[in-house]
Amino acid sequence: MKVFAIALNTFREAIRNKILYSIIFFACLVVAIASIFGSFSIGNQVKFVKDFTLMSVSLFGAVIAIVLGVNLLHKELERRTILNVLSKPVSRWEFIAGKFLGLATTVSLIVLLMAIILIGILAAFEGRPDWGLFLATFTTLLELIIIIAIAIFFSSIVVTPSLAGLFTAAAFVSGRSAGYLQFFFTEEHPPVVRGVARTLYALLPHL
């Protein structure tokens, strides 16, 4: 119950964040612009809209996860509200787990909102809704949950939120590029290079 209480408080705090609304508005605007320009694209315009908007959902979802994730603990420490929470019978893992669940719920609702907008726009193009996009947004959501966990991890060990955000963004880019490390698995590369590449491939999240 303690974890869920902290998660609910985190959700309410994240919803009141003005930066969150700015990012959501910009993301929805990009989705709308992509659908408009898709009508003028050469080739399959529906495929263009799907690819561009799904990329937008993933990118802006990652921005939201990073911005909110790295500022969660920083605000608690800056306002010293964390002392009031931890002075009660609440363990540190419960506090972190509650923050994670609250932020994951917030990002899930945002991704669901953008997915509904995306499916609605594409339904206008194709004349029917493409429910397969829900599966695509679900996998995007799984990716963002990993980003949230990484953001909270760095925010708990790094002093400044800007540095924690930089590390989280680097982890996101590295996770997206992890598949390219397989290029260095071949015998034509030195053993040291192959070993480092295999180690990084095993450690990095495959986003």
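Residues numbered from 1 in each chain as written. Predicted model: local features only at pLDDT ≥ 70, side-chain atom pairs only at ≥ 80, totals over all residues. Heavy atoms only, no water.

## Here's the deal with the overall build of the protein
Right, so step 1: In terms of regular secondary structure, the protein is built from 8 helices and 0 strands.
Right, so step 2: Scored against the burial criterion, the 207 residues of the protein give a buried share of 40%.
Right, so step 3: Sequence-distant contacts, at least 24 apart, represent 71% of the contacts inside the protein between residues at least 6 apart. (Helix = DSSP H or I, 4+ residues; strand = E, 2+ residues; numbered from the N terminus. Buried < 20%, exposed > 50% of the residue type's maximum accessible area, 1.4 Å probe, protein only. Contact = heavy atoms within 4.5 Å.)

## Some details on the environment of G61
Right, so step 1: Mapped onto the fold, G61 is located in helix α3 (residues 45–79).
Right, so step 2: By relative accessible area, G61 is classed as buried at 2%.
Right, so step 3: Taking C-alpha positions, G61 is 9.2 Å from S108, a pair spaced 47 residues apart along the chain.
Right, so step 4: When sequence neighbours within four positions are dropped, the list of residues in contact with G61 reads S56 and L144.

## Some details on the side chain of S58
Right, so step 1: Turning to its location among the elements, S58 is positioned in helix α3.
Right, so step 2: On the basis of relative accessibility, which here comes to 4%, the residue S58 falls in the buried class.
Right, so step 3: Within polar-contact distance, the side chain of S58 engages the side chain of R176 at 2.4 Å. (Polar contact = N/O pair within 3.5 Å; in protein donor to acceptor, adjacent residues only side chain to side chain.)

## A closer look at the packing of aromatic side chains
For any pair of aromatic rings, geometry is given as the distance between the ring centres together with the angle between the planes.
Right, so step 1: According to the stated counting rule, one finds 3 aromatic pairs in the structure shown.
Right, so step 2: Seen from their ring centres, F185 and Y201 are 5.4 Å apart, and the 85° between their planes marks the pair as edge-to-face. Pair noted here: F185 is in the loop between α7 (161–176) and α8 (191–203) and Y201 is in helix α8, with a separation of 16 residues, a long-range link.
Right, so step 3: Residue F185 is classed as buried on the basis of its relative accessible area, which comes to 17%.
Right, so step 4: A relative accessible area of 23% places Y201 in the partly exposed class. (Phe/Tyr/Trp six-rings, centres within 6.5 Å; stacked < 30°, edge-to-face > 60°.)

## Some remarks on the nonpolar core
Side chains that are nonpolar tend, in soluble globular proteins, to be buried together.
Right, so step 1: Residues L103, V107, V111 and I148 are the most contacted members of the largest nonpolar core, which totals 31 residues.
Right, so step 2: Counting only elements with at least two residues in this core, the list comes to α1 (2–15), α3, α5 (92–126), α6 (132–157) and α7.
Right, so step 3: Here the element with the most residues in this core is α3; it accounts for 9 residues.
Right, so step 4: Those residues in contact with L103, other than ones at most four positions away along the chain, are T10, A65, L68, G69, L72 and I148.
Right, so step 5: Of all hydrophobic cores here, the second largest spans 5 residues; its members include L118, I119, L122 and L133. (Core = buried A, V, L, I, M, F, W, Y, C linked by side-chain atoms within 4.5 Å.)

## Some points on the confidence of the model for the protein
Right, so step 1: Looking at the protein as a whole, its pLDDT mean stands at 77, while 79% of the residues score no less than 70.
Right, so step 2: Per-element averaging of pLDDT across the protein places helix α2 (residues 18–38) at the bottom with 65 and α6 at the top with 85. (pLDDT = per-residue confidence, 0-100.)

## Concerning the environment of I96
Right, so step 1: Mapped onto the elements of the fold, I96 is located in helix α5.
Right, so step 2: Separated by 93 residues in sequence, I96 and V3 place their C-alpha atoms 8.4 Å apart.
Right, so step 3: Setting aside anything within four residues of it in sequence, one finds I96 in contact with L73 and I152.

## Description of the environment of W93
Right, so step 1: Its location among the elements puts W93 in helix α5.
Right, so step 2: Here W93 falls in the exposed class, since its relative accessible area comes to 57%.
Right, so step 3: Residues W93 and V3, 90 residues apart in the sequence, show an inter-C-alpha distance of 8.9 Å.

## Some thoughts on a nonpolar patch on the surface
Right, so step 1: Judged by side-chain polarity, F48, F52, M55, L59 and V63 come together as a nonpolar surface patch covering roughly 380 Å² of accessible area.
Right, so step 2: For V63, the location among the structural elements is in helix α3.
Right, so step 3: When its relative accessible area of 32% is taken as the criterion, V63 is described as partly exposed. (Patch = residues over 30% accessible without salt bridge, like charges linked within 9 Å, V, L, I, M, F, W, Y side chains within 5 Å. Areas by Shrake-Rupley, 256 points an atom, 1.4 Å probe, with all protein chains shown as cover. Salt bridge = Lys/Arg side-chain N within 4 Å of Asp/Glu carboxyl O.)

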